[in-house]
Amino acid sequence: MTARRVFYILICLLGMALLTLKVPLFPEWLLLGLGIATLKSILIGCYYMDLKRMSSSMRWLALGSLFWLSLLFILTAADYLTRPYFFL
Amino acid sequence: MREENEPLQKARYLQGMWVFLGSEILFFSGIFLGLVVYRHLYPEAFAEGSRKTTLWMGAVNTFLLLASSWLIAEYLEKRREARQTGARMPGHARLWIAGLLGCGFLILKFWEYGEHIRAGLFPGSHWHAASSVHAQLPLFFFLYFFVTGLHALHLLIGLVVLLILMGRKVSEKKMDLLWENFGLYWHFVDIIWVFLFTFFYLGAPR
């Protein structure tokens, strides 16, 4: 996929993210927006940052940071979401 | 640079850049984690804060950064093609336009800051948002100014590096490595903004 085509898809996704503000179909707008943002970042990562063409060691290096990131979020969420006052 | 060392040198450059980006990812992750926790704690205040941001400015800024990323990626595409086919290296036109789009982003961002400050939304002694019903609204705007300011600083550094690289006179092979690394940094800054835009501007229906 060329850089130009990826750009068109990214702009469509931006339009979709803006449209979600006007369509009250989803109880949690931010989650939908973050889903679209994740899709955009995957496209930028794979095609613009060339993760698709990189050697496997480099890809693991990049994915490693995402692994640590997920640990950070999961462990913190496990703490906060199990605190009793969160549900008051 | 000796011929046999080229792939190794390229791998070293890229690995170094990815290690740096990994540290940046962890740095911004801590901030995002804070944003998520505070939003979870004070959903109404953060929704009100989101509605007070200027959506069109955020959307235009997102467009500007995505377009600049596209131009940088296309420049690198053409450069790799030229390297493979032995054709002439692409000119700097795309890079100049990408840089101007980056400048446009910063101008719009600071204009938006000005509007917020005039509206009394700058936390501290300048805070006079009388319409606020949520005590945590200053927290939202503290995070907004801090995190978007940090992002703007990253973009400014990117612009300075872009100017330096455009004026640099070293071998084309060395420039290949430098441009590849610059592209990674620029796209990373773009990804950070994509999430910031979502968090601060799209946090509540309007």
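Definitions and cut-offs
- Residues numbered from 1 in each chain as written.
- Chains lettered and ligands numbered in written order.
- Predicted model: local features only at pLDDT ≥ 70, side-chain atom pairs only at ≥ 80, totals over all residues.
- Heavy atoms only, no water.
- Helix = DSSP H or I, 4+ residues; strand = E, 2+ residues; numbered from the N terminus.
- Buried < 20%, exposed > 50% of the residue type's maximum accessible area, 1.4 Å probe, protein only.
- Contact = heavy atoms within 4.5 Å.
- pLDDT = per-residue confidence, 0-100.
- Salt bridge = Lys/Arg side-chain N within 4 Å of Asp/Glu carboxyl O.
- Buried area = accessible area lost by both parts, 1.4 Å probe.
- Polar contact = N/O pair within 3.5 Å; in protein donor to acceptor, adjacent residues only side chain to side chain.
- Nonpolar A, V, L, I, M, F, W, Y, C, P; charged D, E, K, R; others polar.
- Phe/Tyr/Trp six-rings, centres within 6.5 Å; stacked < 30°, edge-to-face > 60°.
- Disulfide = S-S within 2.5 Å.
- Axes fitted to C-alpha atoms, helices over the stretch in contact; angles between N-to-C directions.
- Parallel < 35°, antiparallel > 145°, perpendicular 65-115°, else oblique.
- Left-handed = near helix turned anticlockwise from the far one by under 90°.

**Q** What is the right way to read the overall build of chain B from this model?
**A** Counting its secondary structure elements, chain B contains 6 helices and 0 strands. What you see in chain B, going N to C, is helices and strands ordered as α-α-α-α-α-α. Considered along the principal axes of its C-alpha atoms, chain B spans approximately 65 × 30 × 30 Å. Split into buried and exposed, the 206 residues of chain B put 54% on the buried side. Relative to all contacts within chain B whose residues are 6 or more apart in sequence, the contacts with residues 24 or more apart total 81%.

**Q** Just to check I follow, could you spell out the confidence of the model for chain A for this structure?
**A** In low-pLDDT segments, the atomic positions of the prediction should not be examined closely. Confidence in the prediction of chain A, expressed as mean pLDDT, is 84, and 90% of residues score 70 or more. Mean pLDDT across the secondary structure elements of chain A bottoms out at helix α3 (residues 56–81) of chain A, with 83, and peaks at helix α1 (residues 3–19) of chain A, with 94.

**Q** Honestly, the pattern of salt bridges in this entry has me stumped. Any pointers?
**A** Between side chains of opposite charge, a pair can form when the charged atoms approach closely. Counting across every chain of the model gives 9 salt bridges over all chains. Across the salt bridge formed by B:Glu74 and B:Arg94, the nearest N and O atoms sit 3.1 Å from each other. Remark: B:Arg94 occurs in helix α4 (residues 93–118) and B:Glu74 occurs in helix α3 (residues 55–85); sequence separation between them is 20 residues. Given the relative accessible area of 24%, B:Arg94 is considered partly exposed. Each member of the salt-bridge network shares a partner with another, and the members are A:Asp50, A:Arg53, B:Arg80 and B:Glu180.

**Q** Where do I start with the interface of chain B and chain A in this structure?
**A** When the parts of a complex come together, some accessible area is lost, and that lost area is often used as the size of the interface. Contact residues are listed per partner, giving 46 residues for chain B and 41 residues for chain A. Carbon and sulfur atoms make up 81% of the surface buried where chain B meets chain A, a total of about 3800 Å² over both sides. For the interface between chain B and chain A, the tally reads 2 salt bridges. In this assembly, chain B and chain A are joined by 2 residue pairs in polar contact (both at pLDDT 80 or more). Of all the secondary-structure elements, those providing two or more residues to the side of chain B that touches chain A are α1 (6–41), α3 and α6 (172–201) of chain B. Sorting elements by how many residues they give to the side of chain B that touches chain A places α1(B) first, with 18 residues. Partitioned by chemical class, the residues of the side of chain B that touches chain A number 30 nonpolar, 10 polar and 6 charged.

**Q** Can you walk me through the packing of aromatic side chains in this structure?
**A** Any aromatic ring pair is given by two values, namely how distant the centres are and how the planes are angled relative to each other. All names here are of chain B. All chains considered together, the criterion is met by 31 aromatic pairs over all chains. Here the aromatic rings of Tyr113 and Phe145 are separated by 5.2 Å at their centres, their planes lie at 40°, and the arrangement is tilted. Highlighted residues: Tyr113 in helix α4 and Phe145 in helix α5 (residues 137–167), separated in sequence by 32 residues. For the residue pair Tyr113 and Phe145, the accessibility class agrees, reading buried in each case. Arranged with centres 6.3 Å apart and planes meeting at 55°, the rings of Trp127 and Phe141 form a pair that is tilted.

**Q** Looking at this model, I keep getting lost on unusual backbone geometry. Mind explaining?
**A** Trans is the common state for peptide bonds, and a negative phi is the common state for residues other than glycine. All names here are of chain A. Even without being glycine, Asp50 reaches a positive phi, approximately 65°. Positionally, Asp50 belongs in the loop between α2 (29–48) and α3. By relative accessible area, Asp50 is classed as buried at 10%.

**Q** Which parts of the structure should I look at to understand the state of the cysteines?
**A** Each disulfide consists of a covalent bond between the sulfur atoms of two cysteine residues. Under the criterion given, the structure shown has 0 disulfides over all chains. Looking at the unpaired A:Cys12, the closest cysteine sulfur is the one in A:Cys46, lying at 18 Å.

**Q** Is there a simple way to explain the packing of α5(B) against α6(B) in this structure?
**A** Geometry of a packed helix pair, given as the angle between the helix axes and the separation of the axes. All names here are of chain B. Put simply, α5 and α6 touch, their axes get as near as 10 Å, and they point 160° apart. With respect to each other, α5 and α6 are oriented roughly antiparallel. For α5 against α6, the interelement crossing comes out left-handed. Partitioned by chemical class, the residues of the contact of α5 with α6 number 23 nonpolar, 4 polar and no charged.

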